[in-house]
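# Reading the structure
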Amino acid sequence: MPGIDECLLEAMRLPGARGASVVDWTSGLALGTLGDSPNGDHEATAAEAAELARMTAEHRAFAPAGGADWSAGEPPVEDVIVTSRDGYHVLRFVRTTFDSSVFLHLWLDREQGNLALSRIRLGEMADRLVLG
């Protein structure tokens, strides 16, 4: 089972990957980073992405029908995709044995990246990621 470093290396092998990180969305801290950061500062990017992840995960408007919440240990949201003029940001929530407050953040080049493939592969990585 891969840890954070192996997971980030695998993410950076995806076509068009510009940067990747593992972030704790409750604190906004990057647990690991690799590649570039959209604003040149991995910690600031992690904090900003954590705000978006926290907002998405904590509001029931984005929960599946039936009002699922965190009680089953499953994140109610699988991922968040943000599209900018030159790239994609994919935030994939990771199920953990503790409080599931971690997500993978992948920054893709819009012309070279494959959003569908990246989303599938991030899901596979999130399922295999071992933390702690």
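Provided above is the structure to which this section pertains.
This text gives an overview of the structure that appears in the document. (Residues numbered from 1 in each chain as written. Predicted model: local features only at pLDDT ≥ 70, side-chain atom pairs only at ≥ 80, totals over all residues. Heavy atoms only, no water.)

Turning our eyes to something else, we now look at the overall build of the protein. For the protein, the helix and strand inventory stands at 3 helices and 5 strands. Ordering the α and β elements of the protein from the N terminus gives α-β-β-α-β-β-β-α. The buried share among the 132 residues of the protein stands at 45%. Within the protein, residue pairs in contact and separated by at least 24 positions form 50% of the contacts whose partners lie at least 6 positions apart. Summed over its atoms, the accessible surface of the protein is roughly 7000 Å², and 50% of this surface lies on carbon and sulfur atoms. (Helix = DSSP H or I, 4+ residues; strand = E, 2+ residues; numbered from the N terminus. Buried < 20%, exposed > 50% of the residue type's maximum accessible area, 1.4 Å probe, protein only. Contact = heavy atoms within 4.5 Å. Areas by Shrake-Rupley, 256 points an atom, 1.4 Å probe, with all protein chains shown as cover.)

With that settled, the discussion passes to the pairing of strand β3 (residues 79-83). In this sheet, strand β4 (residues 87-94) lies alongside β3 in antiparallel orientation, the contact comprising 5 bridges. If you follow V82 over to β4, its bridge partner there is H89. The antiparallel pairing of β3 with β4 creates a hairpin that spans 3 residues between the two strands. (Pairing = 2+ DSSP bridges.)

With that settled, consider the sheet that holds β3. Strands belonging to one sheet form pairs held by backbone hydrogen bonds; the direction of such a pair is parallel or antiparallel. With antiparallel pairing, the 5 strands of this open sheet are ordered in space as β2-β1-β5-β4-β3. Of all strands in the sheet, those with a lone pairing partner are β2 (29-35) and β3, marking the two edges. The mean angle between the axes of side-by-side strands here comes to 15°, regardless of whether they run parallel or antiparallel. Sheet topology note: the strand β1 (residues 17-24)/strand β5 (residues 102-109) ladder contains 7 bridges and is antiparallel. Of the residues in β5, the one forming a bridge with S21 is H105. (Axes fitted to C-alpha atoms, helices over the stretch in contact; angles between N-to-C directions.)

This part takes up the nonpolar core. Grouped together as the largest cluster of nonpolar side chains are 18 residues, with contacts concentrated most on V94, L104, L106, L122 and M125. Secondary structure elements with two or more residues in this core: α1 (4-12), β1, β4, β5 and α3 (115-128). Tallying contributions element by element places β5 first for this core, with 4 residues. In this structure, V23, A53, A57 and F103 belong to the second largest nonpolar core, which totals 13 residues. (Core = buried A, V, L, I, M, F, W, Y, C linked by side-chain atoms within 4.5 Å.)

We now examine a negative patch on the surface. On the surface, D41, E43, E48 and E51 cluster together into a negatively charged patch. Mapped onto the secondary structure, E51 falls in helix α2 (residues 42-58). (Patch = residues over 30% accessible without salt bridge, like charges linked within 9 Å, V, L, I, M, F, W, Y side chains within 5 Å. Salt bridge = Lys/Arg side-chain N within 4 Å of Asp/Glu carboxyl O. Lys, Arg positive; Asp, Glu negative; His and termini not counted. Charge placed at Lys NZ, Arg CZ, Asp CG, Glu CD.)

So, about α2. Counting along an α-helix, one turn takes 3.6 residues, and residues three or four places apart therefore face a common direction. For α2, spanning 17 residues, the distance from its first C-alpha to its last is 24 Å, which sits close to the expected 24 Å at 1.5 Å a residue. On its buried side, α2 packs onto β1, β2, β3, β4 and β5. At the N-terminal boundary of α2, the capping side chain belongs to D41, with an oxygen 3.1 Å from the backbone nitrogen of E43. (Expected span 1.5 Å × (residues − 1). Polar contact = N/O pair within 3.5 Å; in protein donor to acceptor, adjacent residues only side chain to side chain.)

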